[in-house]
Amino acid sequence: PFLTIAGWIDEYGPLITIRSTFERTVIIGRYKAAVEIMENQGKLLADRPRMIAVGEMFAGGMSIAFLPFGDRFRRMRRALHSHLQPKAAEAYQPLLMSHAKNIVLGVLDNPQNFQHHVITYGATTIMKVAYGKNTPTYATDPNVVEVQQTIKMVAEILRPGAYLVDSIPWLKYLP
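Being a predicted model, the structure only gives us computed values, none of them experimental.

A. Geometry of the overall build of the protein. In terms of regular secondary structure, the protein is built from 8 helices and 2 strands. The globule rule puts the C-alpha radius of gyration for 175 residues at 16 Å, and the 21 Å found for the protein is more than 25% above it. Projected onto the principal axes, the alpha-carbon positions of the protein cover approximately 50 × 45 × 35 Å. Scored against the burial criterion, the 175 residues of the protein give a buried share of 20%. Look at the contacts in the protein between residues 6 or more apart in sequence, and 31% of them connect residues 24 or more apart. Within the structure as shown, the protein displays about 13,400 Å² of accessible surface, and the carbon and sulfur contribution to it stands at 62%. Distance between charge centroids for the protein: 7 Å, based on 19 positive and 14 negative side chains.

B. Expanded view of the layout of surface pockets. Its volume calculated, the largest pocket comes out at about 870 Å³. Mapped by element, the contributors of at least two residues to the lining of the largest pocket are β2 (24-28), α2 (31-45) and α8 (142-158). The element best represented in the lining of the largest pocket is α2, accounting for 5 residues. Residue composition of the lining of the largest pocket, grouped by class: 15 nonpolar, 4 polar and 7 charged. Of the voids in this model, the second largest pocket is the one considered here, and its volume is about 400 Å³. Contributing to the lining of the second largest pocket are 13 residues, with I126, N143, V144, V147 and I151 lying nearest its centre. The set of elements that each furnish at least two residues to the lining of the second largest pocket consists of α7 (114-131) and α8.

C. Focus on a nonpolar patch on the surface. On the surface, a cluster of nonpolar side chains totalling about 310 Å² of accessible area is made up of W8, Y12 and I18. Position of W8 among the secondary structure elements: in helix α1 (residues 2-12). By relative accessible area, W8 is classed as partly exposed at 32%.

D. How the structure looks around the packing of aromatic side chains. A complete count under the given rule lists 1 aromatic pair for this structure. Between F69 and F73, the aromatic rings sit 5.7 Å apart at their centres with planes inclined by 50°, giving tilted as the arrangement.

E. Main features of the side chain of T137. Within the secondary structure layout, T137 lies in the loop between α7 and α8. Given a relative accessible area of 1%, T137 falls into the buried group. One polar contact links T137 to K133, side chain to side chain, over a distance of 3.4 Å.

F. Spotlight on the pattern of salt bridges. Applying the stated criterion to the full structure yields 5 salt bridges. Residues R30 and D10 are paired through a salt bridge, measuring 2.8 Å at the closest nitrogen-oxygen approach. On the criterion of sequence distance, the pair formed by R30 in the loop between β2 and α2 and D10 in helix α1 is long-range, its members being 20 residues apart. Given a relative accessible area of 40%, R30 falls into the partly exposed group. For E56, the salt bridge identified is with R50, shortest N-O distance 2.6 Å. Take R50: its relative accessible area is 47%, and that puts it in the partly exposed class. Taken together, the shared-partner salt bridges in this structure form one network comprising R50, E56 and K172.

Parameters at a glance
Residues numbered from 1 in each chain as written. Predicted model: local features only at pLDDT ≥ 70, side-chain atom pairs only at ≥ 80, totals over all residues. Heavy atoms only, no water. Helix = DSSP H or I, 4+ residues; strand = E, 2+ residues; numbered from the N terminus. Rg over C-alpha atoms; globule rule 2.2 N^0.38 Å. Buried < 20%, exposed > 50% of the residue type's maximum accessible area, 1.4 Å probe, protein only. Contact = heavy atoms within 4.5 Å. Areas by Shrake-Rupley, 256 points an atom, 1.4 Å probe, with all protein chains shown as cover. Lys, Arg positive; Asp, Glu negative; His and termini not counted. Charge placed at Lys NZ, Arg CZ, Asp CG, Glu CD. 1 Å grid on protein atoms, 1.4 Å probe; cavity = no way out; pocket = protein on both sides within 12 Å on 5 of 7 lines; lining within 4 Å. Points joined across faces, edges and corners; volume = space filled by probe spheres on them. Nonpolar A, V, L, I, M, F, W, Y, C, P; charged D, E, K, R; others polar. Patch = residues over 30% accessible without salt bridge, like charges linked within 9 Å, V, L, I, M, F, W, Y side chains within 5 Å. Salt bridge = Lys/Arg side-chain N within 4 Å of Asp/Glu carboxyl O. Phe/Tyr/Trp six-rings, centres within 6.5 Å; stacked < 30°, edge-to-face > 60°. Polar contact = N/O pair within 3.5 Å; in protein donor to acceptor, adjacent residues only side chain to side chain.

Spelled out as structure tokens, the structure:
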């Protein structure tokens, strides 16, 4: 599919619209075109498509990742920004370095289990920053396994065409 789209971009130009029965997909195929569009029309485009299956039905409208731009999005972004902006992230530097040393030692000790070490690093860091948990959180921890399963489920729900409700919104109201 990527080579096909690249061919279309070469043949028709950097802006391509694909229309299907229920929706329209716009592909911006060149960096320069994307920058130009965002600079000239950024405010009009500062939103994401409505994601009914994952954003409204699965997440109940409570995940910033799937919220449309608006008041709730701004409030959630403001709350996250205070903890994730670069200045706040500097406070996490010693924690990140400590956990990074642990991952390096783990990989050196058992390189075949690389993915396990990376997941443990991420989980331990997130649990400390978000919840203040000081003990290591391993990749086999039930909470980590549940999060990984949820991520796989969300990826499946996000797959274009996976749920008809994303194309026909009123289906959301049917039992």
